[in-house]
Amino acid sequence: MTRTVAPTRTSSCACGRVRCRATGAPIISLVCYCDDCQEAARRIEALPDAAGFREADGGTALLTYRDDRFSCTAGEELLADCKLSEAAPTRRVVASCCNSAMFLKYAPGFWVSAYRARFEGDLPRLEMRIQTLHRQADSPLPRDVPSHRGFPIKLYARIIAARAAMMLGR
Ligand SMILES: [Zn+2]
């Protein structure tokens, strides 16, 4: 039996000093429209020379990986946290060299959500749009993938399955 080699994907900041590596298939590939993602994107995009990283309709495309399958491979000392409030459980991590949004980390979680816009090459297909209740665009909601007004059961199921696999060392 042949085992397929897990694909490795690299994300880079706009100036190339910060690089992150993701291994294997993501837990999920989605676009999020929640208030926090939108507010954080507005703040990060307002930083000097920051490159936009959102979809045309304001959604934030993310590739979510297990902690053990995502790492910063260059320029880690340049990473800076952006939090919406001091007590917020989520920090969004920006490459301070060029103000590129790299990934976000929800403190209690075992996963990292990397900003899709920072990756190059062949990327996993989009699977769902979530938190569409908070979508602000006037354009019709794209119907390419299922949309959910909140967090769908399927997303929780994926996270639970990923946690189980991680605990089993798979
Ligand atoms: Zn940079």
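It should be noted that the structure appears before, not after, this text.
Residues numbered from 1 in each chain as written. Predicted model: local features only at pLDDT ≥ 70, side-chain atom pairs only at ≥ 80, totals over all residues. Heavy atoms only, no water.

A. Just the pairing of strand S3 (residues 28–32), in detail. When you tally the buried positions in S3, you get 5 out of 5 residues, the bulk of the element. Every second residue of S3 is oriented toward a common face, with Ile28, Leu30 and Cys32 on one face and Ser29 and Val31 on the other, all of them buried. Sheet topology places S3 next to strand S4 (residues 60–66); 5 bridges connect them, and they run antiparallel. When the sheet's bridge partners are listed, serine 29 is paired in S4 with leucine 63. Sheet analysis places S3 next to strand S10 (residues 128–130), joined by 3 bridges and oriented parallel. Along S10, the bridge assignment pairs leucine 30 with methionine 128. (Buried < 20%, exposed > 50% of the residue type's maximum accessible area, 1.4 Å probe, protein only. Helix = DSSP H or I, 4+ residues; strand = E, 2+ residues; numbered from the N terminus. Pairing = 2+ DSSP bridges.)

B. Geometry of the pairing of strand S9 (residues 111–115). Taking burial as the measure, the 5 residues of S9 include 5 buried ones, the bulk of the element. Covered by surrounding structure in S9 are Trp111, Ser113 and Tyr115 together with Val112 and Ala114, the residues of both alternating faces. Note: S4 against S9, 5 bridges, orientation antiparallel. For tyrosine 65, the partnering residue across the bridge sits in S9 and is valine 112.

C. Structural detail: the nonpolar core. In terms of nonpolar packing, the biggest core is built from 17 residues, with Leu30 and Cys32 touching the most fellow members. Of all elements in the fold, only S3, helix H1 (35–45), strand S8 (100–106) and S10 reach the threshold of two or more residues within this core. For cysteine 32, the contacting residues outside a window of four places in its chain are Cys37, Gly59, Thr60, Leu62, Ile130 and Gln131. (Core = buried A, V, L, I, M, F, W, Y, C linked by side-chain atoms within 4.5 Å. Contact = heavy atoms within 4.5 Å.)

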